[in-house]
Amino acid sequence: QPAAATQDAALKLLCMLLTSHLVHLVASETGVLTWRPWFTCNVCLLVCVLGLGAMPLRAFHAESRLSLLRTLSESAVAPCAPVSFWHVIVADYLTSLAKTFGDVQLTACISLAIFRGERGDEHVRTSALWGRHYDQCNQSALNALCLALPFWWRLMQCFRVFSATGERKNLWNALKYSTAFPLVYAGYLRKLDAGAGGHDRLFVLAAVLQSCYCFVWDVAMDWGLPERGRPTGGGGGGGACGWRMRSELLVTRDKGVYALLCAGNLLLRFAWTLTFLGALPGRGGGMFLIELLEIARRTAWAVFRIEWEVVHKGHARAGADELDAEELQPLGEAHSKHLDD
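Residues numbered from 1 in each chain as written. Predicted model: local features only at pLDDT ≥ 70, side-chain atom pairs only at ≥ 80, totals over all residues. Heavy atoms only, no water.

## Remarks on the confidence of the model for the protein
- Of all residues in the protein, 84% attain a pLDDT of 70 or more, and the chain-wide mean is 81.
- Scored below 50 in pLDDT, residues 323–341 shows zero contacts in the model against residues more than four places distant or in partner chains. (pLDDT = per-residue confidence, 0-100. Contact = heavy atoms within 4.5 Å.)

In structure tokens form, the structure reads like this:
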């Protein structure tokens, strides 16, 4: 597929989605219709957009979309499905969309509550309809389960890879995703407190633990930046403990860029503190800013994660070639000896 195929399909679907929301907004604000017709049309338009995303239409680059949908479905049934590097990238992106999973459940819950509990013969603004049912749906255990769902999928992928390879690093990786579950549960308890602050310390402790673990894993495992070298006294250019930044850099040769990458990743890993401390302007705008920062962090993560995969695979192939040469050398010597005899 061309490099811009996914972006082109996504922009077309986004335009359709924004159009449906615009119609919804105009109908909500004008007061000409009761809430039921335009609310029903808006829900139907959203379903149509999702349907178009799954249909094999050439205008939306079917090969690219269906490949993604197939990978999503296989990630959802892990560990019963194969796990490739493409599955890992997609599932890791899903962990950044945990808030989106919660919002989808929240939207479905509120929409169903509106249709069941509201009269259909009056005009009510969208914000009023939403506010009447928000707290009940937001505090449901199902919302917390949806937040934890992408981390569960990634956890199952780690177990699948460990069962196939036996490498213990996959268990440590599984532990990383397991740290999300105490955080989700602590957040759920905070919602039940309704702002009383009874579980704030538990939430902060769980969030700090997860952020620190994920940051260390990003730098050491996903990007492979530290490598073992000889200590400084040996003339190898390593640090006091024999560690240094990886010498084989593909994206850029400037090590300062990688240092800034690590610093930026650390800051963005703790961006949640802005919402906790009330430093962001409002619930909607503040959460939107956090999600934009997460998109930027995840994009940078993906670029350098792929770089490390290329470097790591290159080293593996080189090691295999050297091993083959060493294994063949005794055979060659034995064959020469046989000819001499």
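## Re unusual backbone geometry
- Note that the residue after Ala78, namely Pro79, is joined by a cis bond; omega there is 10 degrees.
- Examined against the element boundaries, Pro79 turns out to sit in the loop between α3 (62–76) and α4 (85–96). (Helix = DSSP H or I, 4+ residues; strand = E, 2+ residues; numbered from the N terminus.)

## A look at the pattern of salt bridges
- A complete count under the given rule lists 13 salt bridges for this structure.
- Ionic pairing is found between Asp200 and Arg190, a salt bridge with its closest N-O pair at 2.9 Å. Taken as a pair, Asp200 in helix α10 (residues 200–222) and Arg190 in helix α9 (residues 180–193) lie far apart in primary sequence, ten residues in all.
- You can call Asp200 partly exposed: its relative accessible area is 25%.
- Arg190 sits in the partly exposed class, given a relative accessible area of 29%.
- A single salt-bridge network, built from bridges that share partners, covers Asp218, Arg269, Glu294 and Arg297. (Salt bridge = Lys/Arg side-chain N within 4 Å of Asp/Glu carboxyl O. Buried < 20%, exposed > 50% of the residue type's maximum accessible area, 1.4 Å probe, protein only.)

## Let's talk about a nonpolar patch on the surface
- A surface patch of nonpolar side chains, about 290 Å² in accessible area, is lined by Leu11, Leu14 and Leu18.
- Its place among the elements puts Leu11 in helix α1 (residues 5–30).
- According to the relative accessible area criterion, Leu11 is exposed, its value standing at 52%. (Patch = residues over 30% accessible without salt bridge, like charges linked within 9 Å, V, L, I, M, F, W, Y side chains within 5 Å. Areas by Shrake-Rupley, 256 points an atom, 1.4 Å probe, with all protein chains shown as cover.)

## A look at the packing of helix α2 (residues 35–54) against helix α5 (residues 98–117)
- For the pair α2 and α5, the least separation of the axes is 12 Å and the interaxial angle reads 150 degrees. The orientation of α2 relative to α5 falls into the category roughly antiparallel. Judged by the twist between their axes, the crossing of α2 over α5 is left-handed. Where α2 abuts α5, its residues Trp35, Arg36, Phe39, Thr40 and Val43 lie against Ser111, Ile114 and Phe115.
- For the contact of α2 with α5, the per-class residue count stands at five nonpolar, two polar and one charged. (Axes fitted to C-alpha atoms, helices over the stretch in contact; angles between N-to-C directions. Parallel < 35°, antiparallel > 145°, perpendicular 65-115°, else oblique. Left-handed = near helix turned anticlockwise from the far one by under 90°. Nonpolar A, V, L, I, M, F, W, Y, C, P; charged D, E, K, R; others polar.)

## Examining the side chain of Gln105
- Tracing the sequence through the fold places Gln105 in helix α5.
- By relative accessible area, which is 10% here, Gln105 ends up buried.
- At a separation of 2.9 Å, a polar atom in the side chain of Gln105 contacts the side chain of Asn143.
- With residues near it in sequence (within four places) discarded, Gln105 still touches Cys137, Ser140, Leu142, Asn143 and Cys146. (Polar contact = N/O pair within 3.5 Å; in protein donor to acceptor, adjacent residues only side chain to side chain.)

## With respect to the packing of aromatic side chains
- Taken as a whole, this structure holds six aromatic pairs when the rule is applied.
- Aromatic pair Trp152 and Phe181: ring centres 6.5 Å apart, planes at 50 degrees, arrangement tilted. Of the two residues, Trp152 sits in helix α7 (residues 141–165) while Phe181 sits in helix α9, which places them 29 residues apart along the sequence.
- Looking at Trp152, the relative accessible area reads 43%, which means it is partly exposed. (Phe/Tyr/Trp six-rings, centres within 6.5 Å; stacked < 30°, edge-to-face > 60°.)

## Description of α2
- Here α2 contains 20 residues, and its C-alpha end-to-end distance of 29 Å stays within 8% of the 28 Å for a straight helix at 1.5 Å per residue.
- What α2 keeps buried is the set Trp35, Trp38, Phe39, Asn42, Val49, Leu52 and Gly53. One face of α2 carries all of its buried residues, which in axial projection span an arc of 145 degrees.
- Close packing links the buried residues of α2 with α1, α3, α5 and α6 (126–138). (Expected span 1.5 Å × (residues − 1). Arc of directions from axis to C-beta.)

## Observations concerning the environment of Met16
- By the element assignment, Met16 lies in helix α1.
- If near-sequence neighbours (up to four positions away) are discounted, Met16 is found in contact with Val49, Leu52 and Phe60.

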